[in-house]
Amino acid sequence: MTWWAAFAGGLVALLSLLFLGVPIFAAFLVLNIIGVFVFFGTAGFGLFANSIYATATMGALTAVPLFIVMGEVLFRSGAMEVLFDSIDRLIGRIRGRQYVVCIILSAVLGALSGAAMAVAGLLGRSLFPTMRRRGYDTQFAAGTILAGASLDPIIPPSVLAIIVATLADVSTGKMLVAGIVPGLMLTGMFLIYVLIRVRANPSLAPDLAADLADRKTDVSIVVAATRMLPSLFIFFMVMGLIMLGVATPTEAAATGVLGATILAAAYRRLSLQMLSEALYSAATIASLLLVIMCSAVMFSQLLTFSGAARALGEIIVGLSLPAAVMLFLMMLLPFVLFMFLDQVALMLVLIPIYQPIIRIYAFDEIWFWTLFLIVATVGGLTPPFGYVLFALKSAAPDVPLATIYRASWPFVWIIVGGMLIMAVFPDVITFLPRLMVAR
Amino acid sequence: MLSLVRRLGAWHDRLTTAGFAVAATLVALIAAAFCYEVIARYAFFAPTEWSYAVASYFLCSVIFLSMPELTRRKAHIAVSYLLDGLSAAGAEWLRAMILLLAALACLVTAAITGQETWRQYAQGISTISAFPVPKWWVSIFVPYGTFSSAVYFFRQFVHNLPSLIAKEGASS
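What counts and how
Residues numbered from 1 in each chain as written. Chains lettered and ligands numbered in written order. Predicted model: local features only at pLDDT ≥ 70, side-chain atom pairs only at ≥ 80, totals over all residues. Heavy atoms only, no water. Helix = DSSP H or I, 4+ residues; strand = E, 2+ residues; numbered from the N terminus. Rg over C-alpha atoms; globule rule 2.2 N^0.38 Å. Buried < 20%, exposed > 50% of the residue type's maximum accessible area, 1.4 Å probe, protein only. Areas by Shrake-Rupley, 256 points an atom, 1.4 Å probe, with all protein chains shown as cover. Lys, Arg positive; Asp, Glu negative; His and termini not counted. Charge placed at Lys NZ, Arg CZ, Asp CG, Glu CD. Contact = heavy atoms within 4.5 Å. Salt bridge = Lys/Arg side-chain N within 4 Å of Asp/Glu carboxyl O. Polar contact = N/O pair within 3.5 Å; in protein donor to acceptor, adjacent residues only side chain to side chain. Axes fitted to C-alpha atoms, helices over the stretch in contact; angles between N-to-C directions. Parallel < 35°, antiparallel > 145°, perpendicular 65-115°, else oblique. Left-handed = near helix turned anticlockwise from the far one by under 90°. Nonpolar A, V, L, I, M, F, W, Y, C, P; charged D, E, K, R; others polar. Core = buried A, V, L, I, M, F, W, Y, C linked by side-chain atoms within 4.5 Å.

Draft legend 1. The overall build of chain A, seen in detail. Scanning chain A for helices and strands turns up 23 helices and zero strands. For 439 residues, the compact-globule estimate of 2.2 N^0.38 gives 22 Å, and chain A sits close to it at 22 Å. Each of the three principal axes of chain A carries a C-alpha extent, and together these read 70 × 50 × 45 Å. Residue burial in chain A is summarised as follows: out of 439 residues, 62% are buried. Within the structure as shown, chain A displays about 15900 Å² of accessible surface, and the carbon and sulfur contribution to it stands at 70%. The centroid of the 23 positive side-chain charges in chain A is displaced by 6 Å from the centroid of its 19 negative side-chain charges.

Below, the structure written as structure tokens:
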């Protein structure tokens with residue numbers, strides 16, 4: 001069978017099964033069973049079984065459930081309430097301060113967990129009603145929550161970064177660390193945008209007096225800052241251990257779980273029930289993602305075996321496009337596709353196709369895959385089918401979906417602008433990973 | 001006959017619940033293994049040989065012991081635009097076809113991976129790592145998870161059958 005027939009047939013079949021609503025892992029299983037049979041006959045079934053086994057026992061992926069447990073324990077420990085109160089206290093008397101609180105809180109939550117949907121749901125249930133009650137503009141408030149939540153897969157620890165690193169065969173530690181500066185830069189860009197908008201249109205935020213009327217926290221600034229330290233210590237411990245080469249990302253994740261458990265005990269929220277809920281939740285979320293990976297890795301291998309990945313690479317290279325144009329196209333394709341397709345599923349298809357191209361163009365791998373990770377994150381924000389949009393909608397059912405759609409676009413373009421800066425100045429991404437001590 | 005099927009279904013559910021509890025426990029054990037590794041390396045200057053290998057074996061168990069529970073809860077990630085847009089009867093039919101296809105895919109995968117696990121057992125193959133164990137100890141969870149999921153998909157199909165037939169009857 002020619003590579004293009006295998007590639008086109010496989011891709012059309014995969015997309016058809018996905019659009020029909022077949023569970024993603026099952027769609028990959030169907031294709032892989034057929035693909036292996038076509039290429040190798042029944043003798044290839046051992047390869048298929050081994051690809052599932054090899055993915056399920058990939059050491060780097062053990063960080064996925066561990067980072068999820070860490071986030072789950074922290075969410076249940078009362079640390080989030082402490083962080084919210086402290087940030088609320090620390091933000092000065094500025095008009096539109098809740099927008100600022102929302103974005104900074106999201107960035108801090110991103111440093112403690114890695115799931116955008118969870119943060120959008122959490123803020124949608126807690127902060128969003130407060131903002132609307134105080135007279136904040138519903139659409140703009142929704143936008144800041146979506147923007148804030150989109151930071152979470154970028155700022156480490158990020159489950160998505162681990163998955164990209166594993167699939168692209170690059171250092172997981174470097175991929176995690178690479179997200180820090182872009183995450184902070186995007187946080188800054190969101191804040192600047194919000195403050196400019198509120199200044200230009202004061203009706204987006206209520207009077208300061210009304211805004212501060214029901215503020216819960218009245219402790220001193222020093223106390224508020226001090227109360228944030230334990231949670232932030234966990235982040236610095238996890239990322240510090242990775243950067244200093246003291247621990248691998250999986251070991252750092254495990255120590256993060258230990259730190260989160262100690263913090264929960266300090267906040268007197270630690271119980272067997274709380275721990276077991278966190279563990280069940282981690283097993284659920286991690287397995288949902290990893291079952292797809294286990295089922296789909298063979299698909300990537302078939303793409304390589306059929307010669308499709310190499311031939312596509314050669315065709316694209318034969319176009320002799322300038323590197324900047326190539327980069328733009330390689331980001332544009334997932335930008336559009338992530339609007340409609342699952343992040344992990346699409347990564348499994350695109351990464352093996354992209355790998356030979358980025359080697360030929362000599363793109364820095366950590367830089368490229370971090371940009372790719374940010375595009376995947378934007379996919380959660382873009383209408384019509386971004387997951388984060390639906391997470392906010394389910395947390396605030398009375399807000400029309402059209403309002404949430406409109407709310408997301410300005411922040412999508414800000415992220416695109418941020419990516420442009422990162423593309424032109426790669427050091428934004430590569431500076432911190434270069435400082436890492438190898439382990 | 002019906003009571004036997006119901007009893008088997010109840011046993012299947014109990015086994016799935018127990019497997020999921022083991023999966024959650026194994027997540028805690030993975031964390032404990034890595035914490036111990038860091039302590040052993042820096043406090044006792046005696047890094048373990050087993051922690052990384054054992055954690056990766058446990059990961060396989062976590063995934064495939066959780067898989068049947070996810071299938072039982074209908075929690076697997078799917079793109080549902082078409083299902084949401086179809087009429088009730090159309091969606092019911094499509095859902096039935098999807099359940100059958102998913103059951104078949106899981107069943108064939110269970111057969112393939114089960115055969116491979118059997119081969120590993122029969123030939124006494126061990127894992128290639130610093131802490132080798134018989135490979136089938138780890139890989140056995142793959143056919144378990146996929147077979148049990150196949151059974152759940154099939155049970156859901158059978159469960160939906162009466163309403164499917166009723167809707168078909170009403171529309172004709």
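Draft legend 2. Geometry of the interface of chain A and chain B. Contacts between the two partners involve 56 residues from chain A and, on the opposite side, 51 residues from chain B. In this structure, B:Arg41 and A:Glu251 form a salt bridge, with 2.5 Å as the shortest nitrogen-oxygen distance. For the pair chain A and chain B, the interface holds six residue pairs in polar contact (both at pLDDT 80 or more). Mapped onto the side of chain A that touches chain B, the elements with two or more residues apiece are α1 (3-20), α2 (24-40), α3 (45-56), α4 (63-77), α15 (249-266) and α16 (272-305) of chain A. The element contributing the most residues to the side of chain A that touches chain B is α16(A), with eleven residues.

Draft legend 3. Structural detail: the pattern of salt bridges. Counted by the stated rule, this structure contains 13 salt bridges over all chains. Its salt-bridge partner being A:Arg76, residue A:Glu277 comes within 3.4 Å of it at the nearest N-O pair. Separated by 201 residues along the polypeptide, A:Glu277 in helix α16 and A:Arg76 in helix α4 bring together distant segments of the chain. Judged by relative accessible area, A:Arg76 falls into the partly exposed class, the value being 26%. The closest approach of N and O atoms between B:Arg72 and B:Glu69, which form a salt bridge, is 2.7 Å. One end of the pair, B:Arg72, and the other, B:Glu69, are both in helix α2 (residues 51-72), three residues apart, so they sit about a helical turn from each other. On the accessibility criterion, B:Glu69 (8% relative accessible area) is buried. Each of the salt bridges in this network shares a partner with another, and the network as a whole consists of B:Asp13, B:Glu69, B:Arg72, B:Arg73 and B:Arg155.

Draft legend 4. Main features of the packing of helix α18 (residues 323-337) of chain A against helix α22 (residues 401-424) of chain A. All names here are of chain A. Between α18 and α22, the shortest axis-to-axis distance is 12 Å and the interhelical angle comes to 155 degrees. What the angle tells us is that α18 and α22 run roughly antiparallel. The way α18 lies across α22 gives a crossing that is right-handed. Residue-level inspection shows Leu 327, Met 331 and Phe 335 of α18 in contact with α22, the latter providing Val 412, Trp 413, Val 416, Met 419 and Ala 423. Split by residue class, the contact of α18 with α22 holds eight nonpolar, no polar and no charged.

Draft legend 5. Region of the structure containing the nonpolar core. Formed by 214 residues in total, the largest nonpolar core has its most connected members in A:Tyr99, A:Met347, A:Phe368 and A:Trp369. With 18 residues, the single largest contributor to this core is α16(A).

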